[in-house]
Structure formats: structure tokens, C-alpha cells
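Take a look at the letters that make up each chain.
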Amino acid sequence: MRFDTRLIHSGQPADPQTGAVNTPIYLSSTFKQSAPNRHRGFVYSRTANPTRSVLEAALASLESGRAGLAFSSGLGALVTLLEAFPTGSRIVSIDDLYGGTRRLFEHHRKQFGLRIAYVDMRTTDAVAGALDDPADLVYIESPTNPLLKLVDLRAVARLAHRAGAVVAVDNTFATPAVQRPIELGADIVLHSTTKYLGGHSDIVGGALVVKERRAGREFAWLQNAVGAVPSPFDCFLVLRGLHTLGVRMRAHQAGARAVAEVLARDRRVRRVIYPGLASHPQHALARRQMAGYGGIVSVELPGGLRGARRFLKRLKVFTLAESLGGVESLVDHPATMTHASVPRAEREAIGVTDGLLRLSCGIEDPADLADDVRYALGGL
Ligand SMILES: *Cc1c(COP(=O)(O)O)cnc(C)c1O
């Protein structure tokens, strides 16, 4: 079956008890046993819950993996992933990371002796150099947040595997509708389902999908041991979100293109970053490894923080808020909001300046998004 069909049907049979076409929300923490340790696969809802199991099977199918695991947040998924790497493990990570991911990496570095090298992975040479020292995990975001850098997943996975490292890709920005890292060689995919997979800004959730069944069993053990699991109700909402992921991503991308084109035409704008623009330095890679360019556009305005404030004040459709990937358009000022925990010098060194805004284009009419941005530019 093709992707849009799998979004609705994969791992989601009609309820065997009643024929309900939607997965029921099993609000039960525990399950009756017919005799000690005789049960129907469900014992306690931290370990497994029927609504969650359906979501996990759907996620595994959509990311072309063997097993999926749902978590209470993207960072809940990440902390569980890190539990698999003992003291002294070495991570080679991309340098432009979701702020909370970096914060957790740094905490594990100080607290548990994790070793981390942050590398600009836009060139495979830089990755190869970092892999001269043995590494256990190569951790990638592509496109990155907020600078939309891309990583050649196939090439980096090959290098990592040659060096004996496991490859994990945070696929939150692209979603499996646009990019499937396991098909390109990754071992693990991570998601904040809070974003596009949930898609309606009404839940916080996360997921891991793994290529190998054995890794699936290991992470299921850790999922139960750590306990960062989502509620059955949140699992239902992510399943409901998945059904429309294909149509939503097409609409997000239409909005993003319209917005990127308006910004690119204004000569005062310092820099428009969108992988779908021919001006993006890695546009050719985007065409090769993605089936689309995503719904996020970043822009550097003139005038630093004051320029950004003037622009933000005139926006009517875009809402100033953290997060992304919902049906409504949101705008974020990374330097003071999502990336405020990154020290200023480091932030500016990688290009997260005070004039940078990240636009998450929703599924409103693209013409209204373009008009909104055009009007806001008038305030500069
Ligand atoms: C939001 C986000 C996370 C963290 O997910 P939460 O659900 O907020 O814990 C991780 N990676 C990326 C790329 C994100 O955008």
C-alpha cells in the first residue's frame, strides 16, 4: 500500500470486539488475568496499552521500521534512547540541535560521563573527522531547527556504520510523509509527535522507531523501566493526527512556499532559509532525499531584535508561540524563546542571531499567509 493509505490503515484494524473503525481509548491501568501470569498480552498500562500498541504499530509502518514506541514527549523518547548508552559512551551529534535536545545532552555529559562532539554535518568530511575517534551513536537532525541545515543521511549513515556507530535521526521536521531515514540507512528515528504527527497543537508526545526487531525489544524494556509513556487519550489523538498527515503536509508546504517567495522578493530581508528555494545551499540534496521541503521557513530580518519585534507586531495570522507543526501558523523568535538556553556566543556562531525568526506555516490559505508576511514586512 502507498503512504497515504498506510496513514489510515497500517496497524489499525477495526476493533476486533465491536467492529469500531476507530481505535478505542482503553482507559485502564491494569488488565484482568485468568490465572497468575495468564493474560492476553496486556498486564499494566506502563508496559503496554492497547491504544498505544495500535499507535506504535502505525508509527513503525510509516517510518519503515520493525518496531515503534510511543512516549510522553519527544524528550521522553530521547532520555529513553540515552539510557541505552552507558557511562563513557561517545556521541557525534549535529551542532544545530533542538534546544531541549542539547540541554539533555549537556546534562548527561556532566552528570553521567557521556562524551559528545558537536559537528557541522553539512559536509561528510567533518563527520568522517569526528569518527576518527570511536563513537557509539551518531545523532542527526535534518532539516535542523531553526537553521534548516540538511545532512546527507545515506552518506553519513554509511560512514557511521563503518565506524561501528548506531545512527539516530530526529525526523520531527520532515515527518515520514517527506523523508524516511530508515530507508536511507538510519537505525533509529525519533519524533516529537507534539508537532506534525499530532498536528493540532493539542498534545505533547514522542516516539522512537527502530529498524531491527531486537532493538525494538531493548527499547520496549527501557520504555517500561523508565516509564515516560503517553496516556491512551494522547495516543488516540496522535493516531487521529496521522490520518491526515499526508494532506496536511501538502498544505503546510504550499503555505511555506508562498511565504518563502514573498520573503525572498523583499530586498531588505537578510536571508530566507527554505530547502525548497533554489537559493538554499543544499537544495539539490533536499530534492534527492526528501519528497517535499517541509512547512518551516526561517528568515533573518534587518535590525536585530528591534526589527524582529516590528515585524512580529504586525502579524495577524501567525501567532507568536513556541512549537510548530500544527494546523495554525506559528512564529518563534529562537534567540529569546526556543533556543534561549544556548549560550549567546554559541548561538551566534552557528547563525541563530537576534534577527532570526522561525515560521511554522499552517494549513490556512497560502494567500493569507503570504499577505500576512507581506504586511508585516511593511513595518520594517
Ligand atoms: C519539539 C522538538 C523536540 C522535543 O519534543 P517535545 O515533545 O517537546 O519533548 C525534539 N526535537 C525536535 C526537532 C523538536 O522540534
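J.: Got a minute to help me understand the pairing of strand S4 (residues 137–141) in this structure?
T.: For a regular strand, side chains alternate in direction, first toward one face of the sheet and then toward the other. The buried fraction of S4 is high, at 5 of 5 residues. The alternating pattern of S4 places Leu137, Tyr139 and Glu141 on one face and Val138 and Ile140 on the opposite face, and all of these are buried. Direction of pairing for S4 relative to strand S5 (residues 166–170): parallel, over a ladder of 5 bridges. Bridge pairing in S5 places Ile140 opposite Val169. In the classification by handedness, the crossover that spans S4, the intervening helix H6 (residues 153–162) and the parallel S5 is right-handed.

J.: What am I meant to see in helix H3 (residues 74–82) here?
T.: Side chains that are three or four residues apart share a direction in an α-helix, a result of its 3.6 residues per turn. For H3, the tally of buried residues reaches 7 of 9 residues, placing the bulk of the element in the interior. Within the sequence span of H3, burial applies to Gly74, Gly76, Ala77, Leu78, Thr80, Leu81 and Leu82.

J.: Would you explain the sheet that holds strand S1 (residues 67–71) in this entry?
T.: Two pairing modes exist for strands in a sheet, parallel and antiparallel, and in both the strands are linked by backbone hydrogen bonds. Ordered by their spatial adjacency, 7 strands build an open sheet running S1-S7-S6-S5-S4-S2-S3, and the pairing between neighbours is mixed. Among the strands making up the open sheet, the edge pair consists of S1 and strand S3 (115–119). Averaged over all pairs of adjacent strands, the angle between their axes in this sheet comes to 20°, without regard to strand direction. Here strand S2 (residues 90–94) pairs with S4 via 3 bridges, running parallel. Paired with Ile91 across the two strands is Leu137, which belongs to S4. The strands touched by helix H4 (residues 99–112) within the sheet are S2, S3 and S4, with S3 carrying the most contacts at an inclination of about 145°. Relative to S1, helix H7 (residues 213–226) is tilted by about 20°, and along the sheet it contacts S1, strand S6 (188–192) and strand S7 (206–210).

J.: Sorry, what's going on with the site of the ligand here?
T.: Around the ligand, the neighbouring residues are Ser73, Gly74, Leu75, Tyr98, Asn145, Asp170, Thr172, Phe173, Ser192, Thr194, Lys195 and Gly205. Within the backbone of Leu75, an N or O atom sits 2.9 Å from an oxygen atom of the ligand. Within the contact set of the ligand, an oxygen atom lies 2.8 Å away from a side-chain nitrogen or oxygen of Ser192. Notes on the ligand: free accessible area 380 Å², of which the protein chains cover 93%. By residue class, the composition of the shell around the ligand is 3 nonpolar, 7 polar and 2 charged.

J.: Explain the side chain of Asp96 here, please?
T.: Relative to the elements of secondary structure, Asp96 occurs in the loop between S2 and H4. The buried charged residue Asp96 lacks any salt bridge partner; its closest oppositely charged side chain belongs to Lys149, at an N-O distance of 5.2 Å. One polar contact links the side chain of Asp96 to the main-chain amide nitrogen of Leu147, over a distance of 3.3 Å. In this structure, Asp96 is in contact with Glu141, Thr144, Asn145, Pro146, Leu147, Leu148, Lys149 and Ile350, ignoring residues within four places of it in sequence.

J.: What is the right way to read unusual backbone geometry from this model?
T.: Where the residue is not glycine, phi is negative for most of them; where a peptide bond is considered, it is trans in most cases. Put simply, Ser142 and Pro143 share a cis peptide bond, and its omega is -5°. Across the junction of Asn145 and Pro146, the peptide omega takes the value 5°, indicating a cis bond. Relative to the helices and strands, Pro146 resides in the loop between S4 and H6. Even without glycine at this site, Leu148 takes up a positive phi of about 55°. For Leu148, the position within the fold is in the loop between S4 and H6. Here the phi dihedral of Thr175 falls at roughly 70°; this positive angle occurs in a residue that is not glycine. Note on placement: Thr175 falls in the loop between S5 and S6.

J.: Would you explain the sheet that holds strand S9 (residues 296–300) in this entry?
T.: Pairing is mixed in the open sheet, where 5 strands are placed in the order S8-S9-S12-S11-S10. Among the strands making up the open sheet, the edge pair consists of strand S8 (271–273) and strand S10 (319–320). Two strands pair when backbone bridges link them, and S9 and strand S12 (residues 356–360) are joined in this way by 5 bridges, in the antiparallel orientation. Of the residues in S12, the one forming a bridge with Ser298 is Arg358. Sheet strands in contact with helix H9 (residues 245–265) are S8, S9 and S12, and its direction is about 15° off that of S9.

Definitions and cut-offs
Residue numbers restart at each chain and count upward from 1, following the sequence in its written direction. Side-chain atom pairs in this predicted model are given and counted only at pLDDT of 80 or more, local residue features only at pLDDT of at least 70, and totals for whole chains, interfaces and linings cover all residues. With hydrogens and water set aside, each side-chain value is computed from the structure's full complement of heavy atoms. Each residue is placed in one exposure class: buried if its accessible area under a 1.4 Å probe, protein chains only, is under 20% of its type's maximum, exposed if it is over 50%, and partly exposed if it falls in between. Numbering of helices and strands starts at the N terminus; helices are DSSP runs of H or I of at least 4 residues and strands are runs of E of at least 2. Strand pairing is assigned whenever DSSP detects at least two bridges linking the two strands. A crossover gets the label right-handed when its path from the first strand over the helix to the second runs clockwise, viewed with the strands pointing away from the viewer. Between N-to-C directions, angles cover 0 to 180 degrees, with each direction set by a line fitted to C-alpha atoms, over the stretch in contact for helices. Should any heavy atoms of two residues lie within 4.5 Å, those residues are counted as being in contact. Neighbouring residues are identified by heavy atoms, a residue being near a molecule or strand if any of them is within 4 Å of it. Side-chain atoms alone can form a polar contact between residues adjacent in sequence; in general such a contact is a pair of N or O atoms within 3.5 Å, and within protein one must be able to donate a hydrogen while the other accepts it. For accessible areas, the Shrake-Rupley method is used with a probe of radius 1.4 Å. Any residue's cover is judged against the shown protein chains and nothing else. Each residue is assigned to one of three groups, with Ala, Val, Leu, Ile, Met, Phe, Trp, Tyr, Cys and Pro labelled nonpolar, Asp, Glu, Lys and Arg labelled charged, and all others, Gly among them, labelled polar. Two residue types count as positive, namely Lys and Arg, and two as negative, namely Asp and Glu; His and chain ends fall outside the count. Throughout this description, the term salt bridge denotes a Lys or Arg side-chain nitrogen within 4 Å of a carboxyl oxygen of Asp or Glu.

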